[in-house]
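Overview (structure and organization)
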Amino acid sequence: MFPESSVPEQLTDDPAVSVVDATSQAARSLQSLLPPPGDDVLTEAPAYAWYPWRRTLVKVPGPRSYRRLRLDRNRHKLTAAEQDRASALRIGIVGLSVGHAIALTLALEGLAGELHLADFDSLELTNMNRIPATLMDLDLNKAVVASRRIAEIDPYVSTRIFDDGITPDNIDAFLDGLDLVVEECDSFDVKVLVRQKCREAGIPVIMETSDGGVLDVERFDLEPERPILHGLAGDLRIEDLVGLDRAALTPLAVKVLEPAKVSARMAASAIELGFSVTAWPQLAGDVLLGGASVAAAVRRLAQGRPLPSGRVRFDRDLWLDDLVDPLLEERVLEPAATQAPAGPAPDTLSDVDLVRYAAQQAPSAGNQQPWSITAEGGAVTVALDPERTSTLDLGHRASLVAVGAALHNARVAAASRGKLGPTEILGSGEQLSARVTLTDNGVLTDDFDPADAAELPSILSRSTRREAGDASPISDDDAVRLGEAGTTARTRLIQITDRDEIARCASILARSDRIRFLTPELHQEMFAELTDDPCTPVGIQVDSLDLPPAMAGMFDVLRRPDVMALLDEWDVGAALGADAGRRLVSASAILILVQKGCDSEDYLRAGQTMQQLWIAAESLGYRVHPMTPTFFYALDDTEAHGLSSAHGDDLVALRRELLDAWPVADDEAMTIALRISRVV
């Protein structure tokens, strides 16, 4: 490599030297990267790579920008910090047949900053069924062939060639400064020598055997007394092998291979050595798989993930024996879709059954229906069921709102039959319930508007509509009507209609939703609320989520906790809240119901008003979708912080941001947030 200012004139002036400029394309590509590179990358001086075997001089970006561009597609399989650690590794590879594929893979993935390559042999035509070389490389030392290939991929990866292979005289120089050795040679005595020296130096050894995808890991850095080759051939030392001929070494090598476990074709070939085949058979696919397997092990080292000593098999033939038709599997494992049963006709129900059925149609967080509804002596009681709760349902406040909505429905149903008598609120906290008494005198109670009795068809057909809206504004008349529905002596309504304010609210909810995905307990509960069974009355039907195609296609990925853990570790995942933000931005308005008081009865009574507001919005032609942020039912910063051990501070900040934008008094609390929208 030459700095741009010090390229030898004999190269630039030589007409036989080709000059290639790779920096123009690189400069354009750097501008498109996410996240954008810093000035240290954008302003880095280029350099020149000289390839004498090609008589070519290539102008390339500087090392930081070259690496940033070339390895950009590694993210997020490797984070930036993991890539930095990987790119600093110094790895030795002994044997450049299988080792060529390994060296190539390590270089492609940026898993080494320096490679020591050892092989005494030259490339022959019989090697080219598995070594990705060309006819122009014939008769070159195999280590040289690999080194040139790597240099043409990444001129900043340093290679050191040992073209005598590994000997007792050069092994110390070969191992000097290495973090890892990959051993792929054919000589059994060299295998033992390498391991004995690595054990003394505390250097781990990896070996890939191109039959059945066998990968061996020997962590001499962690186990300085570990027997060589797992002790399969005894506790070997190189001194024990001096003077032994091939006939004596072969039985030891066979023990290490575990002959009962090698593939049938390899075992049969071993019998035929010297008869119908001249050497051990090797296939390019097996060799390339070895490169991938070793690279996976090296990635684990760079990532600080567990990589214990041991042996594993990646046998593709066995895997292919287990091919399963996913369409057939789906037909066998999944029952045929069943149509959800239609609700009963109201006029076929008795008075009490109608009241109970209407109460059950109330909305609840996650459609968990956190109530028990009983009938006794001409009265229907709706009681909080504290067992049907979630982490977000702090103090059962969301459930109490749902019980209030169920109470409103019960009263409407009783009034529709002219049977609404007194309503009593009983108990408090987890013991809270409400009883609706049915009478035969046909006189409605004073606290009920007779016109609301006509709501029965609306409450029975009420639904949550999650599809995106057209962002059309609400009219002044609709705003007045909604304000009337949401305003009582104990409640008031915040109507967010300004597009900038809606966008601000959407941003808060999107960031809040991201935290819900990334917090293990909240993520688990979120997906536990979902169901594919159309016959179950509890839970949210997946089909009703109206997910955009991209998100629907990733649904099984989104439900995986291991994926969420990685996104959290990488401090990314903005896409997790993007759908919620998109839906909220499409709203005609966002309605935040605010109540006086924070006791259980206050939430229950506010739930009655919430249901009236919902029905009023639907009667005006709007589709209603409750969208409450993760922290919504926290009454203070301490409660908000406790919802997520890793993101508590973020939830506190989001809660304050919401209250700064739409404040509530000290004696008030938010009841629910509803997105209302129209769809063309």
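Placed above this text is the structure.
The sections below set out a description of the structure shown in this document. None of the values given here were measured: they were computed from a predicted structure.

**Some details on the overall build of the chain**
Across its full length, the chain carries 28 helices and 21 strands. At 36 Å, the chain has a C-alpha radius of gyration far larger than the 26 Å of a compact globule built from 680 residues. Oriented by its inertia axes, the alpha-carbon framework of the chain measures out at about 110 × 60 × 40 Å. Across the 680 residues of the chain, 47% fall into the buried class.

**Here we look at the sheet that holds strand 7 (residues 158-162)**
In space, the seven strands of this open sheet follow the order 7-6-5-8-9-10-11, with mixed pairing throughout. Both edges of this open sheet fall to strand 7 and strand 11 (310-313), since each of them pairs with a single strand only. Across the sheet, the mean angle from the axis of one strand to that of its neighbour is 15°, orientation sign disregarded. Bridging between strand 8 (residues 180-183) and strand 9 (residues 205-209) involves two bridges; their strand directions are parallel. Bridging from a neighbouring strand, Val-182 pairs with Ile-206 of strand 9. Set on the sheet, helix 9 (residues 188-201) makes contact with strand 5 (90-94), strand 8, strand 9 and strand 10 (214-218); between it and strand 8 the angle comes to about 170°. Helix 13 (residues 284-303) contacts strand 5, strand 8, strand 9 and strand 10 of the sheet and is inclined by roughly 155° relative to strand 9.

**Examining the pattern of salt bridges**
Summed over the entire model, instances satisfying the criterion amount to 47 salt bridges. Residues Lys-261 and Glu-258 are paired through a salt bridge, measuring 3.5 Å at the closest nitrogen-oxygen approach. Each of the salt bridges in this network shares a partner with another, and the network as a whole consists of Asp-216, Glu-258, Lys-261, Arg-311 and Arg-313.

**Section: the side chain of Thr-630**
Note that Thr-630 resides in the loop between strand 20 (623-626) and helix 27 (637-641). Excluding residues that lie within four positions of it along the chain, Thr-630 makes contacts with Leu-392, Ser-512, Asp-513, Arg-516, Leu-522, Leu-643 and Leu-651.

**Re the nonpolar core**
Trp-371, Ile-590, Leu-591, Ile-592, Phe-631, Trp-662 and Ile-676 are the most contacted members of the largest nonpolar core, which totals 87 residues. At 13 residues, the largest contribution of residues to this core is made by helix 17 (residues 397-416). Formed by 32 residues, the second largest nonpolar core is a distinct cluster that contains Leu-117, Val-217, Val-287 and Ala-295.

**Quick look at the packing of helix 6 (residues 98-108) against helix 7 (residues 142-153)**
At a minimum axis distance of 10 Å, the contact between helix 6 and helix 7 shows a crossing angle of 15°. On the basis of their axis angle, the class for helix 6 and helix 7 is roughly parallel. Judged by the twist between their axes, the crossing of helix 6 over helix 7 is right-handed. On the side of helix 6, the interface is formed by His-100, Ala-103, Leu-104, Ala-107 and Leu-108, while helix 7 contributes Val-145, Ala-146, Arg-149, Ile-150 and Ile-153.

**Re the sheet that holds strand 13 (residues 379-384)**
With antiparallel pairing, four strands are arranged side by side in an open sheet as 12-13-15-14. Both outer strands of the open sheet, strand 12 (371-376) and strand 14 (420-426), are each paired with one neighbouring strand and no more. The sheet shows a mean angle of 15° between the axes of neighbouring strands, direction not considered. By the bridge criterion, five bridges tie strand 13 to strand 15 (residues 433-438) in an arrangement that is antiparallel. In the sheet register, Val-382 faces strand 15, and the bridge partner there is Ala-434. Strands strand 12, strand 13 and strand 15 of the sheet are contacted by helix 16 (residues 351-360), whose axis makes an angle of about 170° with strand 12.

**Describing the side chain of Asn-141**
In this structure, Asn-141 sits in the loop between strand 6 (114-118) and helix 7. A residue is classified by how much of its surface remains accessible, and Asn-141, at 10% relative accessible area, is buried. A polar side-chain atom of Asn-141 sits 3.4 Å from the main-chain carbonyl oxygen of Asp-121. Within the structure, Asn-141 has its side chain in polar contact with the backbone oxygen of Asp-163 (distance 3.5 Å). What Asn-141 contacts, discounting residues up to four positions off in sequence, is Asp-119, Phe-120, Asp-121, Ser-122 and Asp-163.

**Quick word on the packing of aromatic side chains**
Inspection of the entire model under this criterion finds eight aromatic pairs. Taken together, the ring pairs in this structure connect Phe-517, Phe-527 and Phe-555 into an aromatic cluster. Over the ring of Trp-614 we find Arg-462; its NZ or CZ atom is 4.7 Å from the centre of that ring. Between Arg-678 and the ring centre of Tyr-622, over which it is positioned, the NZ or CZ distance is 3.9 Å.

**Details of the packing of helix 19 (residues 476-486) against helix 26 (residues 600-619)**
Helix 26 packs onto helix 19 with a crossing angle of 160° between their chain directions and a minimal axis gap of 8 Å. Accordingly, the angle class assigned to the pair helix 19 and helix 26 is roughly antiparallel. Where helix 19 crosses over helix 26, the handedness of that crossing is right-handed. Of the residues in helix 26, those touching helix 19 at Arg-481, Leu-482, Ala-485 and Gly-486 are Thr-609, Gln-612, Leu-613, Ala-616 and Ala-617. Each residue belonging to the contact of helix 19 with helix 26 can be placed in one class, and the counts come to five nonpolar, three polar and one charged.

**Points about unusual backbone geometry**
Cis geometry is found at the peptide bond from Leu-34 to Pro-35, where omega equals -10°. On the secondary structure map, Pro-35 appears in the loop between helix 2 (23-31) and helix 3 (39-42). The amide bond that connects Arg-75 to the next residue, His-76, takes the cis arrangement and shows omega of 5°. With respect to the helices and strands, His-76 occurs in the loop between helix 4 (63-70) and helix 5 (80-87). Phi is positive for Asp-139, which is not a glycine, with a value near 75°. Positionally, Asp-139 belongs in the loop between strand 6 and helix 7. Judged by its relative accessible area of 65%, Asp-139 is exposed. At Gln-369, a residue that is not glycine, the phi angle is positive and equals roughly 50°. Note that Gln-369 resides in the loop between helix 16 and strand 12.

About the cut-offs
- Residues numbered from 1 in each chain as written.
- Predicted model: local features only at pLDDT ≥ 70, side-chain atom pairs only at ≥ 80, totals over all residues.
- Heavy atoms only, no water.
- Helix = DSSP H or I, 4+ residues; strand = E, 2+ residues; numbered from the N terminus.
- Rg over C-alpha atoms; globule rule 2.2 N^0.38 Å.
- Buried < 20%, exposed > 50% of the residue type's maximum accessible area, 1.4 Å probe, protein only.
- Pairing = 2+ DSSP bridges.
- Axes fitted to C-alpha atoms, helices over the stretch in contact; angles between N-to-C directions.
- Contact = heavy atoms within 4.5 Å.
- Salt bridge = Lys/Arg side-chain N within 4 Å of Asp/Glu carboxyl O.
- Core = buried A, V, L, I, M, F, W, Y, C linked by side-chain atoms within 4.5 Å.
- Parallel < 35°, antiparallel > 145°, perpendicular 65-115°, else oblique.
- Left-handed = near helix turned anticlockwise from the far one by under 90°.
- Polar contact = N/O pair within 3.5 Å; in protein donor to acceptor, adjacent residues only side chain to side chain.
- Phe/Tyr/Trp six-rings, centres within 6.5 Å; stacked < 30°, edge-to-face > 60°.
- Lys NZ or Arg CZ within 6 Å of the ring centre and 35° of its normal.
- Nonpolar A, V, L, I, M, F, W, Y, C, P; charged D, E, K, R; others polar.

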